[in-house]
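These are the residues of each chain, in order.
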Amino acid sequence: QTMYEYTCLGIFERHKLMFSLQMTSKIMDGDGELDHATWDFFLKGNPSLDKITAKKPVEWLTDAGWKDMQMLKNLEDEFATLADDLTKNPKVWHDWYELEAPEASPMPMKYGSLLNPFQQLLMLRCFRPDRIVNGIRNFVIFRMSDFYVQPPPLVYDKIYAQSNERSPIVFVLSPGADPQSDVQKLGDSMGFTAPTRFRFVSLGQGMGPVAAAQIETGFQRGYWVMLQNCHLLQSWLKSLEKILLQMPKTHKDFRLWLTTMPTDAFPLGILQRSLKVVTEPPDGLKLNMRQSYAKLTDPDLDTCDSLVFKPLVYVLAFFHAVTQDRRKFGRIGWNVPYDFNESDFKISFQLLELYLQKAYDAKGEIPWETLRYLIGEAMYGGRVTDAYDRRVLNTYLEEYMGDFLFDENQPFYFSQAGHDYTCPTEGDLVEYNGAINQLPLTQSPAVFGLHPNAEINYYLTSAREIWDGLISMQTGGAGGGGGVSKEEYIFNTAQEIMKKLPEEEIRFVKEAGIYTPTEVVLLQELERFVVLTTKMEESLAELKRALKGEIGMSAALEDLGNAMFNGKLPGQWAKAAPQNLKPLGSWMEHYTSRFEQYTAWAGEGDPVVFWLSGLHVPESLLSALVQAAARRKGWPLDKSTLYTECTKWSDPAEVPGKLLDGTYVRGLWLEGARWDLERGCLARQRPKELVMEMPLVTIIPVEANRLKLRDSFETPVYVTQSRRNAMGVGLVFPANLHTEEHLSIWTLQGVGLFLNTDS
């Protein structure tokens, strides 16, 4: 228990359950209770490269779940008849599958009494991977105790009690968390008041000597010293390590507190001798708003004479909490996880005070547009690098700030999902704090404008992080299933992959005339495909020789072998391939399909329907389509753009023929909404249906000034479900999807299109 408490102090919240499961598995392994083949299956699923030939008996089960089931039924006798039982009794299984918490209910048929808690986790992996996190929690409680799923809270008195004068206390920060005020409170209670006995140094350029001088004074006289933002002065951290090593006898009251964001450059020597503490912002709207109001006083709320000031401060606190908490939903929340923090709230608070006081003095109207612009585009928006994230931010402000807040006939609600989230229009600080205390501790995704399916996405991502983390902590030596050693398994996988590589290079040569823009794209695509194939052939040949002992096993070859063993795409191949999140088996299917598209394109000319995700650089095809249309019609290239329409067809065989300008594309996936084929518009998702494949879409080049859109939602098309990163990588083009509902619904639900799903 002591080890669990100590370790939890220095790891992030999202890693604590993973650590509990790792501890449990190691104890079980030591007691001889852990079967390595089933543990391997739990972490990796079915890593087979072969496509499953057995037909899936029910629509509601995922393809990945059915593939996993084919492996599971051969692992242990208890699962031998699982696929047959599902085929013969689909309704019983569907009823269990539809339960909100299937992990807490008995499993169908004989499996409720037949399986032990770990085997039930394997079933959850196949049927409901989104409930794996809760399943792991139940399993750890069963095998250990509930102590190991309840991480201890952060108590600063305890941290001080564990520290000493020769070991620094390193706070690993996360966005929105700052331990300074808590450490200062602790210092005040123990007689270490700032600035006499507690010195703060915010590190930055040129601050190294100042920090060194403060440390010297501190260890001689017994002061506390806090060096903030160590990650901003990485070059000086080596000097800090030397100072700590060479420190003579130090005063017993001396404490060195360091704060840093996670960084690889932090010296290992300091980390090894320090007490590590991870600080994170409060989770949930209630705790977030409580933190914002904890730093306000009644005089702060009385600085402005306008009657709307106090309610708008509450709106601002709610908006601040929503922007922070939306992060937990991953990429459907924000494309880039932004560091919104207390300073954004403070400066926006001052803006409200300034502009509302001006309006009050001038007896004018409330400048809603100005406030929304300054908060959404400058203060909070100043951190936002992604245009679609800024659209979300501004939509919240449109929904939260306006005269409708004070409409006496129609009461305003931020949301009514599970609780009436209202805005108090009058009162003092105590009454506003009372309103915050009435809020529930946890919120459904609907409070943020997201669909309830976003929570399933959140749990799925958490489960994948746990699996990936546990795989990365594994040491070599485990078998690959079926009694095969790790080396044999990797060798066999390498053989299988080499059989799937094309025997001949695809060649495309035009006998006469100039290459068309799309033919130029084909040549570039083939060039990249050859580079990838060559890389795969060479690395696999070297890996096989290394496994035979003919050459030494380099670090690159070891990484290649480990990735194949874990069913992951090797990093050196990923660098030469289009962006993709698929496991190795699915990626090989994707690779083979790409080869088939290139072969048909080179042999038969431009396809009637393009498979966009089969291209290395899909943007190049879109540019070629615009270029070809602009040449044919004499349009200026810089004034041409693309427009998309959804067809009623799902099968390329239904298409009557090629488009003269533009093309049909297939294989787009929709997240955050579904496509209503009959009405031809966006519609709300069905429960548990996270992504759906779109019908064929036409991409048509048009002159930008002639494009007039109504009831159309600009939907970003991304390469993968990772969407776009801070550098802008991942966005392909914006598509136009027809809608009969207000655009803000789809904006807040994070609607997006993808060329590839991650399964």
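Residues numbered from 1 in each chain as written. Predicted model: local features only at pLDDT ≥ 70, side-chain atom pairs only at ≥ 80, totals over all residues. Heavy atoms only, no water.

Student: Describe helix α19 (residues 368-379), naming the residues involved and giving the relevant values.
Tutor: When the terminal C-alpha atoms of α19 are compared, their 15 Å separation across 12 residues agrees well with the 16 Å that a helix rising 1.5 Å per residue should span. Regarding α19, the residues found buried are Trp 368, Leu 371, Arg 372, Leu 374, Ile 375 and Gly 376. Of the surrounding elements, those touching the buried residues of α19 are α17 (309-325), α18 (342-361) and α20 (387-400). (Helix = DSSP H or I, 4+ residues; strand = E, 2+ residues; numbered from the N terminus. Expected span 1.5 Å × (residues − 1). Buried < 20%, exposed > 50% of the residue type's maximum accessible area, 1.4 Å probe, protein only. Contact = heavy atoms within 4.5 Å.)

Student: Which residues make up the sheet that holds strand β10 (residues 663-666), and what are the values?
Tutor: Pairing is mixed across the open sheet formed by four strands, whose spatial order is β8-β10-β15-β9. Of all the strands in the sheet, the pair left with one neighbour each is β8 (609-611) and β9 (640-646). Ignoring strand direction, the axes of neighbouring strands in this sheet form an average angle of 35°. Relative to β10, β8 is paired through three bridges, and the arrangement is parallel. Looking across to β10, one finds that Phe 610 is bridged to Val 665. (Pairing = 2+ DSSP bridges. Axes fitted to C-alpha atoms, helices over the stretch in contact; angles between N-to-C directions.)

Student: Can you explain the sheet that holds strand β18 (residues 752-754)? Please cite residues and give values.
Tutor: Overall, mixed pairing links the five strands, which are arranged β14-β11-β18-β16-β17 in an open sheet. The open sheet terminates on both sides in strands that have one partner only, identified here as β14 (691-693) and β17 (731-738). Averaged over all pairs of adjacent strands, the angle between their axes in this sheet comes to 30°, without regard to strand direction. In this sheet, β14 lies alongside strand β11 (residues 669-671) in antiparallel orientation, the contact comprising three bridges. Each bridged residue has a counterpart across the sheet, and for Glu 671 the counterpart in β14 is Val 691. Sitting on the sheet, α20 is in contact with β16 (712-718) and β17, with an inclination near 140° to β16.

Student: Outline the nonpolar core, supporting the account with residue identities and numerical values.
Tutor: Within the largest apolar cluster, 62 residues are counted, with the highest numbers of intra-cluster contacts made by Ile 497, Met 536, Met 564, Trp 573, Trp 587 and Leu 670. Those elements that provide at least two residues to this core are α23 (486-500), α24 (517-548), α25 (555-565), α27 (584-604), α28 (618-633), β15 (697-703), β16 and β17. Considering each element in turn, this core owes the most residues, nine residues, to α24. Setting aside anything within four residues of it in sequence, one finds Met 536 in contact with Ile 497, Leu 501, Trp 573, Trp 587, Met 588 and Tyr 591. Core analysis: the next-biggest nonpolar cluster, separate from the first, contains 54 residues, Leu 301, Leu 316, Phe 319 and Phe 448 among them. (Core = buried A, V, L, I, M, F, W, Y, C linked by side-chain atoms within 4.5 Å.)

Student: Give a detailed account of the environment of Pro 716, specifying residues and quantitative values.
Tutor: Within the secondary structure layout, Pro 716 lies in strand β16. Its relative accessible area of 2% is what places Pro 716 among the buried residues. In the structure, Pro 716 is positioned 18 residues away from Pro 734 in sequence and 4.4 Å away in space, judged by C-alpha atoms. Contacts of Pro 716, omitting those with residues within four sequence positions, involve Tyr 388, Arg 391, Leu 731, Phe 733, Pro 734, Val 751, Gly 752 and Leu 753.

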